Amino acid sequence: MPRDNKTPLIQKIAKQAHITFKGWKPSASGDNKLFAEQQGELVSLVTAVRAADLKIAPRKSNSSTGAAELQSPPVTYMHICETEVFSMGVFLLRSGASIPLHDHPGMNGMLKVLYGKVSVRCFDKLENNLSVGSAPPQLEPPLALYQTSSLRRSVLRSVVELSETSGPCLLTPLRDNLHQIDTVEGPAAFLDILAPPYNPDDGRDCHYYKVLQTVSQGVPEGKSNEEQQGEEKEKEEETWLLEIPQPDDFWCGGEPYPGPAVSF
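Counting restarts for each chain, with residues numbered from 1 along the sequence as it is written. In keeping with the predicted nature of the model, local features appear solely for residues at pLDDT of at least 70, side-chain atom pairs appear and are counted solely at 80 or more, and the whole-chain, interface and lining totals rest on all residues. Computation of side-chain values: all heavy atoms of the structure, hydrogens and water removed.

Labelled according to an unreviewed UniProt entry, the chain appears under the name 2-aminoethanethiol dioxygenase, originating from Dissostichus eleginoides.

Below you can see the structure in the form of structure tokens.
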């Protein structure tokens with residue numbers, strides 16, 4: 001079969017994303033094999049995409065300082081397309097910028113760096129949150145009583161650095177669903193696919209979180225440091241998160257997408 005070299009890569013990605021996520025349901029189990037195959041096709045296409053395919057030129061480190069830099073958004077977004085099945089766009093982060101820890105309720109996601117380098121910290125929420133009447137964890141600094149209802153038990157799954165030569169970072173409704181994205185050594189950009197898109201009316205609103213520090217309890221009597229470290233490793237760095245409003249120092253601007261148009 002002859003290769004399709006005329007269709008832009010981003011159009012192929014959009015078509016495959018639609019095929020992959022159309023009809024996807026979190027509770028579906030019988031279609032897991034088919035979904036895995038379709039997702040594998042999508043990962044292969046996304047792995048190949050580069051900034052040049054989207055006519056995006058890598059940005060240089062910020063030259064502006066002072067008031068001009070403070071007024072410009074740390075992150076901008078190029079909208080490519082959005083349907084009921086998925087959304088796709090490009091996030092551009094200036095040097096030193098960070099997208100705070102946030103979630104993707106009931107959503108799948110895919111992040112592919114186009115230029116620069118980013119550090120991604122991924123967390124999962126755990127089911128056993130603080131129950132009514134139970135003692136809150138010892139935190140430093142301590143929380144106000146009204147804040148305990150916003151506590152979320154979680155586990156740190158991974159911390160990775162990604163560049164344009166890396167494959168995409170994946171998230172699912174249950175795995176690596178919360179993440180924080182920080183630039184490393186200069187500006188960066190990444191292609192972002194979410195399925196289904198954010199939609200507050202359907203319960204898919206974005207929430208922000210702060211990682212809390214627990215009070216150190218020391219090594220229990222009768223246990224060696226090695227034993228204690230082994231137990232901590234087994235817990236996969238279990239921690240507590242506090243749901244917070246969108247941080248004041250983070251906001252996202254918009255700019256036109258210069259690449260090939262996507263159609264269905």
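Back to the write-up after that little detour.
Undergrad: I'm lost on the packing of aromatic side chains in this one. Help?
TA: To describe a pair of aromatic rings, you give the distance between the ring centres and the angle between the ring planes. Centres within 6.5 Å are what make two rings of Phe, Tyr or Trp a pair, Trp counting through its six-membered ring; a difference in plane orientation under 30 degrees is then read as stacked, over 60 as edge-to-face, and the rest as tilted. The tally for this structure, following the rule as stated, stands at 5 aromatic pairs. Where Tyr77 meets Phe91, the ring centres are 4.7 Å apart and the plane angle is 50 degrees; that geometry is what we call tilted. With Tyr77 in strand E1 (residues 75–82) and Phe91 in strand E2 (residues 87–93), this residue pair connects regions lying 14 residues apart in the sequence. Exposure categories follow from relative accessible area, calculated using a 1.4 Å probe and restricted to protein chains: below 20% of the type maximum is buried, above 50% is exposed, and the middle band is partly exposed. The class for Tyr77 is partly exposed, based on a relative accessible area of 22%. Among the aromatic residues, ring-to-ring pairing joins Tyr77, Phe91 and Phe190 into one connected group. Helix numbering and strand numbering both begin at the N terminus, where a helix is a DSSP run of H or I of at least 4 residues and a strand a DSSP run of E of at least 2.

Undergrad: Help me out: how do you make sense of the confidence of the model for the chain in this one?
TA: The predicted coordinates of low-pLDDT regions are not to be read in fine detail. The pLDDT value tells you how sure the predictor is about a given residue, anywhere from 0 up to 100. Averaged over the chain, the pLDDT score is 86; the fraction of residues at 70 or greater is 81%. When the criterion is pLDDT under 50, residues 217–224 qualifies, and its contacts beyond four places in sequence or with other chains add up to 9 contacts. Note on residues 230–234: pLDDT under 50 across the span, and 2 contacts to partners over four residues away in sequence or across chains. Here, residues are in contact when the closest pair of their heavy atoms is within 4.5 Å.

Undergrad: Looking at this structure, how should I read the pairing of strand E9 (residues 188–195)?
TA: Working note: regular strand, side chains alternate between the two faces of the sheet. Counting buried residues in E9 gives 8 out of 8 residues, a clear majority hidden from the surface. Here E9 shows two buried faces, one formed by Ala188, Phe190, Asp192 and Leu194 and the other by Ala189, Leu191, Ile193 and Ala195. Any two strands are treated as partners once DSSP identifies two or more bridges connecting them. Looking at chain direction, E2 and E9 are connected through 7 bridges and run antiparallel. Within E9, the residue paired with Leu92 across the bridge is Ala189.

Undergrad: In this structure, what is going on with the side chain of Asp103? I would like to understand it.
TA: For Asp103, the location among the structural elements is in the loop between strand E3 (98–102) and strand E4 (108–115). Under the rule applied, a polar contact is a pair of N or O atoms within 3.5 Å (in protein, one hydrogen donor and one hydrogen acceptor; residues adjacent in sequence only if both atoms are side-chain atoms). Here the side chain of Asp103 touches Tyr209 through a polar contact of 2.9 Å, side chain to side chain. For Asp103, the contacting residues outside a window of four places in its chain are Lys125, Asn177, Leu178, Tyr198, Asp205, Cys206, His207 and Tyr209.

Undergrad: How should the pattern of salt bridges be read in this particular structure?
TA: Pairing between side chains becomes possible if they bear opposite charge and their charged atoms approach one another. We define a salt bridge as a contact between a side-chain nitrogen of Lys or Arg and a carboxyl oxygen of Asp or Glu at a distance within 4 Å. Applying the stated criterion across every chain yields a total of 6 salt bridges. Between Arg59 and Glu255 there is a salt bridge, and its shortest N-O distance comes to 2.8 Å. Here Glu255 lies in the segment after strand E12 (252–254) and Arg59 lies in the loop between helix H2 (32–48) and helix H3 (67–71), a separation of 196 residues in the sequence. Given the relative accessible area of 40%, Arg59 is considered partly exposed. The class of Glu255 is partly exposed, set by a relative accessible area of 25%. The residue Asp202 makes a salt bridge to Arg204 at a minimum N-O spacing of 3.9 Å. Classification of Arg204 by relative accessible area gives buried; the value is 14%.

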